[in-house]
Amino acid sequence: MTEPATSEVTQASARLVWQTGTVEQVVADTPTVKSFFIRVPAWHRFRAGQHVDVRLTAPDGYQAERSYSIGSAPEDDLVELVIEKLAEGEVSGFFHDVVQAGDTVELRGPIGGHFVWGPGDGGPILLVGGGSGVVPLMSILRHRMNVGPQVTAALIYSVRHFDEVIFRDELFRRVETDPNFRLWLTVTRETAGHSLARSGRVDGALVSAVLAAFGGAAPACTYVCGSNAFVDTASRLLLDMGVPFASIKTERYGGDPARDTAVPVAES
Amino acid sequence: MLPTRGFLGRRLSPEDAARLPPGQYKEAGFPVLSAGPTPRVDLADWKFTLKIGPRPVKSWTWDQFNALPQTKVHRDIHCVTKWSKFDTNWAGITVEAILADAGLDAPPTPYVLAHSFDGYSTNVPYKDLTGEQAMVATTYEGYPLTGDHGGPARLLVPHLYFWKSAKWVNGLQFTDRDEPGFWELRGYHIYGDPWKEQRFTGD
C-alpha cells in the first residue's frame, strides 16, 4: 500500500445519502448465513469489493447501524448483502429472524476505496478468504467473470466445516465452466469428503501450489479477508512465499466474535 | 425515518448511551482493522522523524524516543466501522513533547500528516494534537503495544475516528495545506469527528 494505485483513489464524491432499499429475496446460503437481495432506488455503481452501511430504526427512534459486504457484482440488478448470524448480534439476528421479502431497510454506500478490484488492476488475482470473508471476494470474482474472464484468478477459501461454504454451488459450477479460475477449498475441522476440497488449514504447501498454478507469474493483486487471526496468518504466509507486501490488500472482521461483525475498511 | 418493521433493538444504559457517538455500538473486544498485512518493525530499526514539509527536523531511535516525558491517558475510542470501545488506557509521548524535544516552541504550520512504516498516512490539524488530546502511544493497558494494534508505536487521537490514529507510525510531517491521507483519498472524511458522524467525504 506504499504507492496507492490512482484507480483506487476516489475523487471528491457527492455526499453518501441514506436511501430505502427493498428486500426482494432472502436465500439461506448455509445454516448461519443468508443472502438478502435488495433493490436500491438510486444506487450508483459500486466497485467489486466494497460494502454498505445498513441502518435500522426502532419505533421510538433508536437506530442501529452496521456495515456489510456486498457479494453481488456491480453489473447485477440487485445488491446482495450476505449476513452471518452471530450470537448476540443485534442487527444480524434481526436480519436472520425477522427480515423477509418486501421489507425495507435503509442503506448508504458504496463505501471503501481500497479493497476493490477492476479490470484496470489486471491479474493474476489471488483471493484468500476465511469463512464469510469470502463475500467481497465473490463480488470480485463475479465482476471479473463479467468484465475480464481472461484474467487468471484463484480463490483460497478456508472454512471450518464443509456445510459452511457460502456460494458453494456457484463456486463448483465456476470451477467446471471457467478455465481461468481455480478454487482451493480447505476445510479445517473435519475431513473434507469432497473432490473439490482438501482438509487442513491454509499452509505453505497450499500457498506454493496455488502460486505454482499461476505458472510462475506473481499475483498482481492479492485480497485477504476474514477474521483477524486468519488474515494475519494468511498474509504472513503469503509474504513468506514471496508475494509482494504492496500487492496485498486485507480486510479484517471488526468486532468481538459474539457480536455483529462488520467487514471493515478503515484503519483502527 | 419510518421504523423498520419488527426492529426493536437493544438499549444501553443512559450513561453508556451518552458516551456513544451517533451510529456507533459499544464493543467489548478490540477489533483489529488495517489495509494491509502487519508490517514487521524491528525495534533496532525503528526510527521516528519529525519533518517540516520535506525537511527532517529531528529523528529519534526507539530508546531516544522512549526517554521523552511519558503521559498516560484514559479514553473512549470510536472506529468508523461502527464500534466504540470505552475506557481504554494508553501511555506514550505527547505531540507537544515531541515538538519541544525538537526545539520547536510553536507549530510551523497548522496541519500535520502522520506517516507509517507501511506507507499509510493520515492528516490531522495540529490543533487536534495539542495537550493530552493526542500522543504517540507505545503502551496499551500497561503493556507494550502489539504489532496488530499498531506497535511498536501508533498515533492516538481518540476524539477523532480511529483511522486517524495511525498504526505503526514513524513520523509526523507539518504541511502547508491540509493534505488528505490514505483513507481521506479513498472516500473518508477529511476531519472525522465521530460526534458529527463525519464518516465519509461530504458528511
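Residues numbered from 1 in each chain as written. Chains lettered and ligands numbered in written order. Predicted model: local features only at pLDDT ≥ 70, side-chain atom pairs only at ≥ 80, totals over all residues.

If you tally the helices and strands in chain A, you get five helices and 12 strands. The long-range share in chain A, meaning contacts at least 24 apart out of those at least 6 apart in sequence, stands at 72%. (Helix = DSSP H or I, 4+ residues; strand = E, 2+ residues; numbered from the N terminus. Contact = placed C-beta atoms within 7 Å.)

All right, on to the overall build of chain B then. Per the secondary structure count, chain B includes three helices and 11 strands. Walking chain B from its N terminus toward its C terminus, one meets helices and strands in the order α-β-β-β-α-β-β-α-β-β-β-β-β-β. The C-alpha radius of gyration computed for chain B amounts to 17 Å, which stays within 12% of the reference 17 Å derived for 203 residues, consistent with globular compactness. Over its C-alpha atoms, taken along the principal directions, chain B stretches across nearly 60 × 35 × 30 Å. Looking at chain B as a whole, 45% of its 203 residues are labelled buried. Considering only residue pairs separated by 6 or more positions, chain B has 63% of its internal contacts joining residues 24 or more positions apart. (Rg over C-alpha atoms; globule rule 2.2 N^0.38 Å. Buried ≥ 20, exposed ≤ 12 C-beta atoms within 10 Å, placed from the backbone.)

Pairing between the strands of a sheet is mediated by backbone hydrogen bonds and can be parallel or antiparallel. Residues and elements named next belong to chain A. Strand order in this open sheet of six strands is β10-β9-β8-β7-β11-β12, and the pairing throughout is parallel. Edge positions in the sheet fall to β10 (197-199) and β12 (248-252), since each has one partner strand and no second. Along the sheet, successive strands turn relative to each other by an average axial angle of 15°, direction set aside. Summarising the sheet, strand β11 (residues 221-226) and β12 pair through five bridges and their orientation is parallel. Across the sheet, residue T222 finds its bridge partner in β12, namely I248. On the sheet, helix α2 (residues 134-147) packs against β7 (125-130), β8 (153-159), β11 and β12 and is oriented at approximately 150° with respect to β7. (Pairing = 2+ DSSP bridges. Axes fitted to C-alpha atoms, helices over the stretch in contact; angles between N-to-C directions.)

Here we come to the sheet that holds strand β3 (residues 55-61) of chain B. All names here are of chain B. Taking strand neighbours across the sheet as the criterion, the five strands line up as β3-β2-β11-β6-β7 in an open arrangement whose pairing is mixed. Of all the strands in the sheet, the pair left with one neighbour each is β3 and β7 (121-125). Each neighbouring strand pair of the sheet contributes to a mean axis angle of 20°, computed without reference to strand direction. Relative to strand β11 (residues 169-175), strand β6 (residues 111-116) is paired through six bridges, and the arrangement is antiparallel. Paired with H115 across the two strands is G171, which belongs to β11.

A few words on the pairing of β3(B). Residues and elements named next belong to chain B. As judged from the six bridges shared by strand β2 (residues 47-52) and β3, these two strands associate in the antiparallel manner. Bridge assignment links L50 to a residue of β3, and that residue is K58. Taken together, β2 and the strand that follows it, β3, pair antiparallel across an intervening segment of two residues, in which G53 is found at a positive phi of about 55°.

Residue and element names in this part refer to chain A. Ranked by size, the top nonpolar core spans 116 residues in total, and within it L127, L137, L155 and Y223 carry the most contacts. Two domains each provide a minimum of three residues to this core, namely domain 1 (6-111) and domain 2 (119-252). The contacts of Y223, once residues within four sequence positions are left out, are G49, F115, L127, V128, L137, I140 and K249. (Core = buried A, V, L, I, M, F, W, Y, C linked by C-beta atoms within 7 Å. Domains from an automatic or database assignment.)

For the rest of this paragraph, the subject is the confidence of the model for chain A. Detailed reading of the predicted coordinates is not advisable wherever pLDDT falls low. Residues and elements named next belong to chain A. Residues at a pLDDT of 70 or more form 89% of chain A, whose mean pLDDT is 89. Low pLDDT, under 50, characterises residues 1-6; the stretch is placed with 12 contacts to residues that sit more than four places away or in other chains. Counting contacts from residues 255-268, a segment whose pLDDT is below 50, to residues more than four positions away or on other chains yields 74 contacts. (pLDDT = per-residue confidence, 0-100.)

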